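Working through the structure, step by step
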Amino acid sequence: MSHDSYVEDLLVRILKTPSPTGHTKDIISLLAEEAAKLGYQPTLTKKGGLLIQIPGADNQNRRFLTAHVDTLGGMVKEILENGRLRVHRIGGYTWNTVEGEYCQVLTESGQVLTGTIILHNTSVHVNREVGDIKRTDENMEIVLDAPVNTQQEALAFGVQVGDFVAWDPRVAITDTGYIKSRHLDDKASVAILFGVLRELQSSKYKLPYGLDIFISNNEEIGYGGNANIADEIIEYLAVDMGAIGDGLATDEHSVSICALDGSGPYHEGLRRHLVALAKANGLHYAVDIYPYYSSDASAALRAGADVRHGLIGPGVANSHAYERTHRDALKHTMALILAYIQSPLVS
């Protein structure tokens, strides 16, 4: 299997594995097994993340790469008298981006109940104001695909307050190379890092510095990769999606290099080093500023990590909604990472 096919196949597998923030044990186990198949010895952290350490020629000066596998999701907040569910959102998204979406309620017993998130009284045949009503926590409801019409009937099916809700990703890869799905943020980057791990099994790659690869599981709530940073870490590179929109240069075929986000500027020397590597390797890249964004790298700095930090990732359209990228963006991001981990440290 080619490296490109490996990344896409793994991406589809993990996109179809529910992992809203707080419910990531299953997907971390999947990735731990995958890392072991590739010949690595992953470590599970106390917070539930996955750490893979790879030796280099110099292990006193190391690099840290991270991507996050947790996604937007929800949690059952209330079971209504009619058996429908009110949901608390996990992560930053608006209700209109999931309205009408199929979902799974992940019960404590392990039973998975399917349903749909809809506006209360959503039929236009009985409610002429449907188009004008603001979607809020108080009027968005999950209708279960079960004969449930009362609170007691929902409870009898095993639903409880605190059950996690996962949105259906609806994964599709087109003949033209586009990858459409929820949660490409940031499962696309996780698949890319595993592509890097697979590529490193080839003897042609000699790392000048030790490398830690960390799959974090709390990024969507702000603190996924701010721990497990060894004292030997000099450079910290978050691999997360590059947002696409008005006034931005990144597109679905590019690797995005972030200069500044809502947390402030990224390390100038590391950013310029990444740009130089992208140019030298003929990669399709763009440098952008994201004022409404932050990453695990910025979380690490807020927690006091003394590192040079950077942020790159594949360009992804429609962030925190039904997202889309292209396999070109995966290729260029992976190529930049491989060039980076073989390059000198930034002075």
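What counts and what doesn't
Residues numbered from 1 in each chain as written. Predicted model: local features only at pLDDT ≥ 70, side-chain atom pairs only at ≥ 80, totals over all residues. Heavy atoms only, no water. Axes fitted to C-alpha atoms, helices over the stretch in contact; angles between N-to-C directions. Helix = DSSP H or I, 4+ residues; strand = E, 2+ residues; numbered from the N terminus. Parallel < 35°, antiparallel > 145°, perpendicular 65-115°, else oblique. Left-handed = near helix turned anticlockwise from the far one by under 90°. Contact = heavy atoms within 4.5 Å. Expected span 1.5 Å × (residues − 1). Buried < 20%, exposed > 50% of the residue type's maximum accessible area, 1.4 Å probe, protein only. Nonpolar A, V, L, I, M, F, W, Y, C, P; charged D, E, K, R; others polar. Salt bridge = Lys/Arg side-chain N within 4 Å of Asp/Glu carboxyl O. Polar contact = N/O pair within 3.5 Å; in protein donor to acceptor, adjacent residues only side chain to side chain. Pairing = 2+ DSSP bridges.

Structural notes on the packing of helix α1 (residues 3–15) against helix α4 (residues 184–200)
The N-to-C vectors of α1 and α4 enclose an angle of 140 degrees; their axes lie 9 Å apart at closest approach. Between α1 and α4, the angle falls in the class oblique. Regarding α1 and α4, the two cross each other, and that crossing is right-handed. On the side of α1, the interface is formed by His3, Tyr6, Val7, Leu10, Leu11, Ile14 and Leu15, while α4 contributes Leu184, Lys187, Ala188, Val190, Ala191, Ile192, Phe194, Gly195, Arg198 and Glu199.

A closer look at helix α5 (residues 268–280)
Between its terminal C-alpha atoms α5 stretches 18 Å, which fits the 18 Å expected from 13 residues at 1.5 Å a residue. Along α5, the residues classified as buried are Leu270, Arg271, His273, Leu274, Val275, Leu277 and Ala278. The inward-facing, buried residues of α5 contact β3 (58–68), β13 (233–239), β15 (255–261), β17 (285–290), β18 (308–316) and α7 (327–341). Just downstream of α5, Gly282 is the residue with a positive phi angle, here 65 degrees.

Description of the packing of α1 against α7
It is at 11 Å that the axes of α1 and α7 come closest, and there the two elements cross at 115 degrees. Put simply, α1 runs roughly perpendicular to α7. By crossing handedness, the relation of α1 to α7 is classed as right-handed. Here His3, Asp4, Val7, Glu8 and Leu11 of α1 lie close against α7, whose contacting residues are Arg327, Leu330, Lys331 and Met334. Residue composition of the contact of α1 with α7, grouped by class: four nonpolar, one polar and four charged.

Section: the pattern of salt bridges
Following the criterion strictly, the structure yields 13 salt bridges and no others. In this structure, Glu141 engages Arg84 in a salt bridge whose closest nitrogen and oxygen atoms are separated by 3.1 Å. Linking Glu141 in strand β8 (residues 140–144) with Arg84 in the loop between β4 (73–79) and β5 (85–90), this pair joins segments that are 57 residues apart in sequence. Given a relative accessible area of 2%, Glu141 falls into the buried group. Note on Arg84: relative accessible area 25%, which makes it partly exposed. Measuring nitrogen to oxygen at the nearest pair gives 2.8 Å for the salt bridge that ties Glu101 to Arg182.

Notes on the side chain of Glu8
Following the sequence through the fold, Glu8 ends up in helix α1. Engagement of the side chain of Glu8 in a polar contact is seen with the side chain of Arg327, the distance being 2.6 Å. Other than its neighbours up to four places away in sequence, Glu8 contacts Ile173, Arg327 and Leu330.

A closer look at unusual backbone geometry
At the junction of Asp185 and Asp186, the peptide bond is cis and its omega measures out at 10 degrees in the coordinates. On the secondary structure map, Asp186 appears in helix α4. Positive phi values are uncommon outside glycine, yet Arg170 reaches one of about 55 degrees. For Arg170, a relative accessible area of 38% translates into the label partly exposed. Phi at His183 takes a positive value of approximately 70 degrees, unusual for a residue other than glycine. Following the sequence through the fold, His183 ends up in the loop between β11 (178–181) and α4. Judged by relative accessible area, which is 8%, His183 ranks as buried.

So, the sheet that holds strand β10 (residues 172–173)
Taken in spatial order, the three strands of this open sheet run β10-β11-β19, and their pairing is antiparallel. On the outer flanks of this sheet lie β10 and β19 (323–326), each paired with one strand and no other. In the sheet, β11 pairs with β19 via four bridges, with the strands oriented antiparallel. Bridge pairing in β19 links Ser181 to Glu323.

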